[in-house]
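Tertiary structure, described
The lines below spell out each chain.
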Amino acid sequence: MTFKDDVADALSDEVLTEMAESFFGERIHLDNLLALLEEYVETLHRKAAHIEDHARFLNRLLLEEKHMAHFYEAIGMATIPFPKDAAFSEERLPERVPRALTARGEYLKLVSRAYETLQKSVEDYMNGNQNTGESRRTEDEDAYYSLVRSMVALINAEIRKVNKNRSPGDVLQSAHRFRSNDTDKAIITGGDSFYGDSSSFSRSLYYDPVDFDTLKLRRFPVPPPHSRVNSRIENFCTRLYYRNEGKVKSLIDRLKAEIRSRS
């Protein structure tokens, strides 16, 4: 082998190495994005379950489904966007019933805090945690609906680029041109029939775009912030309390008993 052949081989090795790093580097980056998307989707499914649980606890405080409809109407929401039953998890029970001088005061605070918890959980799910403090963010805080929707658009753009710009067949054809005398290697990999976008190998390495709808993420309307509807909630709860005083007092007593039994 001549010096000229040695130089040619060294150059071809360098080019092929760069091509391989680029080819696999793009795919590793895309695989990492897809893995992160999967983690975020799982997180959002958990968050959605918690939202429904918070809503069910609020439902229990509102006594009956007809009162639920009137409650959401009072705060400016035309429909009930959450479950209408009251079968919430024990985890949603407060640590204690808020202290107040009267049963009415306890009831107002219970409903107010339950609504605020629900509203913040929906806001966090849809738009992310708005807390800009210095505490370290968790994965649950990082994942939110609008971010995942944007991630899907970004990932699909990356998929189109990877599929179009550097197909597996193109890389192998380029490698074959650099190593055209390596017939044994061509035979091992399937020869010339191995190349081309129509080959089964090439098709197997293409990425399918992500269909957002298949992620089955709930889209919740965000209730108005508690500060904007606090007076409406208090007025609603005051009327509900006086019309159902016995039921409300019995509800509060049962909640206190459940909280004591849990501790």
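Per chain, the residues get numbers from 1 upward, laid out in the order the sequence is written. The predicted origin of the model limits local features to residues at a pLDDT of at least 70 and limits the giving and counting of side-chain atom pairs to 80 or more, whereas totals for whole chains, interfaces and linings rest on all residues. Side-chain measures here rest on the full set of heavy atoms in the structure, leaving out hydrogens and waters.

Quick notes on helix H3 (residues 103–127)
Numbering goes from the N terminus for both helices and strands, where a helix is a DSSP run of H or I of at least four residues and a strand is a run of E of at least two. A helix is expected to reach a length of 1.5 Å times the quantity of its residues less one. Between its first and last C-alpha, H3 extends 36 Å over 25 residues, near the 36 Å set by a 1.5 Å rise per residue. Immediately downstream of H3, the backbone of Gly-128 shows phi near 95°, a positive value.

Examining the confidence of the model for the chain
The predictor reports its confidence for every residue as pLDDT, a score running from 0 up to 100. Taken over all residues, the pLDDT of the chain has a mean of 81, while the share at 70 or more is 70%. Considering only residues more than four positions removed or in separate chains, one finds that residues 182–195, a stretch of pLDDT under 50, has 12 contacts. Any two residues whose heavy atoms approach within 4.5 Å are treated as being in contact.

A look at helix H9 (residues 226–243)
With 18 residues, H9 extends 24 Å from end C-alpha to end C-alpha; this agrees with the ideal 26 Å at 1.5 Å per step. To get the bend at a given residue, fit one axis to the seven residues ending there, fit another to the seven starting there, and take the angle between those axes. A bend of about 30° at Arg-232 is the largest found in H9. Remark: exposure states derive from per-residue accessible area (1.4 Å probe, protein chains only) relative to the maximum for the residue type, with buried under 20%, exposed over 50%, and partly exposed in between. Those residues of H9 lying buried are His-226, Val-229, Ile-233, Phe-236, Cys-237, Leu-240 and Tyr-241. Summarising the contacts, the buried residues of H9 are in contact with helix H2 (65–74), H3 and helix H10 (245–262).

Structural notes on the pattern of salt bridges
When a carboxyl oxygen of Asp or Glu lies within 4 Å of a side-chain nitrogen of Lys or Arg, that pair is called a salt bridge. One pass over the full model with this rule turns up 13 salt bridges. Taking the shortest distance from any N to any O, the salt bridge between Asp-124 and Lys-47 comes out at 2.9 Å. A residue pair is termed long-range when its members are at least 10 positions apart, and Asp-124 in helix H3 and Lys-47 in helix H1 (residues 3–61) qualify at 77 residues. An identical accessibility class is assigned to Asp-124 and Lys-47; each is buried. Between Glu-245 and Lys-249 there is a salt bridge, and its shortest N-O distance comes to 3.1 Å.

A short note on the packing of aromatic side chains
Here the aromatic set is Phe, Tyr and Trp, taking the six-membered ring for Trp, and pairing holds for ring centres within 6.5 Å; pairs whose planes are under 30 degrees apart are stacked, those over 60 apart are edge-to-face, and all others are tilted. Under the defined criterion, the tally for this structure stands at 10 aromatic pairs. Aromatic side chains Phe-71 and Phe-236 sit 5.5 Å apart centroid to centroid with 75° between the ring planes, which places their arrangement in the edge-to-face category. You can see Phe-71 sitting in helix H2 and its partner Phe-236 sitting in helix H9, a full 165 residues away along the chain. Taken together through their ring pairs, the aromatic side chains of Phe-71, Tyr-72, Phe-82, Tyr-115, Tyr-125, Tyr-145, Phe-212, Phe-220 and Phe-236 make up a single cluster. Over the aromatic face of Phe-212 sits the side chain of Arg-149, whose NZ or CZ is 4.3 Å from the ring centroid. Ring-over charges, as used throughout, are those where CZ of Arg or NZ of Lys falls within 6 Å of the ring centre and within 35 degrees of the ring normal.

Some details on the packing of H2 against H9
Only the stretch in contact is used when fitting a helix axis, every axis being a line fitted to C-alpha atoms; angles between N-to-C directions are given from 0 to 180 degrees. At a minimum axis separation of 9 Å, H2 and H9 run at an interaxial angle of 155°. Overall, the two elements H2 and H9 adopt an arrangement that is roughly antiparallel. Between H2 and H9 the crossing geometry is right-handed. Taken together, the residues of H9 that come into contact with H2 (itself represented by His-67, His-70, Phe-71 and Ala-74) are Arg-232, Ile-233, Phe-236 and Leu-240. Put simply, Ala, Val, Leu, Ile, Met, Phe, Trp, Tyr, Cys and Pro go in the nonpolar bin, Asp, Glu, Lys and Arg in the charged bin, and everything else, Gly too, in the polar bin. Among the residues forming the contact of H2 with H9, the class breakdown is five nonpolar, two polar and one charged. Working rule for angles: under 35 degrees goes down as roughly parallel, over 145 as roughly antiparallel, 65 to 115 as roughly perpendicular, anything else as oblique. Each crossing gets its hand from how the near helix is turned against the far one by less than a right angle, where anticlockwise is left-handed and clockwise is right-handed.

Re the environment of Pro-224
Mapped onto the elements, Pro-224 comes out in the loop between helix H8 (200–204) and H9. For Pro-224, a relative accessible area of 10% puts it in the buried group. Each C-alpha atom of the pair Pro-224 and Ile-75 lies 7.4 Å from the other, and the pair is 149 residues apart in sequence. Filtering out sequence-adjacent residues up to four positions away, Pro-224 remains in contact with Ile-75, Met-77, Tyr-115, Gln-119 and Val-229.

Side note on the packing of H3 against H10
It is the contact of H3 with H10, at a shortest axis distance of 10 Å, that shows an interaxial angle of 70°. Here H10 runs roughly perpendicular to H3, going by the angle between their axes. At the point where H3 passes H10, the crossing takes the left-handed sense. Contacts from Ala-103, Glu-106, Tyr-107 and Leu-110 of H3 reach H10 at Val-248, Lys-249, Leu-251, Ile-252, Leu-255 and Lys-256. Taken together, the residues of the contact of H3 with H10 sort by class into seven nonpolar, no polar and three charged.

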